[in-house]
Amino acid sequence: MKKSAFNTLLVGGGFLLGTAGIKLLTSAPVKNACVQGIACGMRIKNGYQDMAEQAKAEVDDMVAEAAYITATESDATADKAAE
């Protein structure tokens, strides 16, 4: 088969596949399935966002506690040096 004929068949096949894909995507069952899939993805995303916020809050607490301990130790060291 010549290269030009092969390329013509590829273009024609792509056109038919694209037309069938558009018809398929505009059907009601496919739209409903896509909506359900997107809704599931959004629920998962919200769950991970909640977990990330909780982890961030815990890290902030740890950093605040570490800063308090560091400040307390440096005050104690400064008091000992002043005596």
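As shown above, the structure is provided for reference.
The structure reproduced in this document is the subject of the present report. (Residues numbered from 1 in each chain as written. Predicted model: local features only at pLDDT ≥ 70, side-chain atom pairs only at ≥ 80, totals over all residues. Heavy atoms only, no water.)

The next thing to look at is the overall build of the protein. The helix and strand inventory of the protein stands at 2 helices and 0 strands. Rg of the C-alpha trace for the protein: 32 Å, well past the compact-globule value of 12 Å for 83 residues, more than 25% over. Seen through its C-alpha atoms, the protein measures out along the principal axes to roughly 95 × 35 × 10 Å. For the protein, buried positions account for 0% of its 83 residues. Put simply, the protein shows about 7,400 Å² of open surface, and 67% of that area lies on carbon and sulfur atoms. (Helix = DSSP H or I, 4+ residues; strand = E, 2+ residues; numbered from the N terminus. Rg over C-alpha atoms; globule rule 2.2 N^0.38 Å. Buried < 20%, exposed > 50% of the residue type's maximum accessible area, 1.4 Å probe, protein only. Areas by Shrake-Rupley, 256 points an atom, 1.4 Å probe, with all protein chains shown as cover.)

A surface patch of nonpolar side chains, amounting to about 340 Å² of accessible area, comprises Ile44, Tyr48 and Met51. By the element assignment, Tyr48 lies in helix 2 (residues 28-82). You can call Tyr48 exposed: its relative accessible area is 55%. (Patch = residues over 30% accessible without salt bridge, like charges linked within 9 Å, V, L, I, M, F, W, Y side chains within 5 Å. Salt bridge = Lys/Arg side-chain N within 4 Å of Asp/Glu carboxyl O.)

On to a negative patch on the surface. Judged by side-chain charge, Glu58, Asp60, Asp61 and Glu65 come together as a negatively charged surface patch. With a relative accessible area of 54%, Asp61 lands in the exposed category. (Lys, Arg positive; Asp, Glu negative; His and termini not counted. Charge placed at Lys NZ, Arg CZ, Asp CG, Glu CD.)

Between its first and last C-alpha atoms helix 1 (residues 3-25) spans 32 Å; for 23 residues at 1.5 Å apiece the expected length is 33 Å, and the two agree. Burial of helix 1 is sparse: only 0 of the 23 residues sit out of reach of the surface. (Expected span 1.5 Å × (residues − 1).)

This part covers the environment of Gly37. Position of Gly37 relative to the elements: it lies in helix 2. With 28 residues separating them in the primary sequence, Gly37 and Leu9 have C-alpha atoms 35 Å apart.

Taken as a whole and assessed by the stated rule, the structure comprises 0 disulfides. Unpaired in terms of disulfides, Cys34 finds its nearest cysteine sulfur in Cys40, a separation of 13 Å. Residue classification places Cys34 among the partly exposed positions, given a relative accessible area of 41%. Using a relative accessible area of 34% as the deciding quantity, one classes Cys40 as partly exposed. (Disulfide = S-S within 2.5 Å.)

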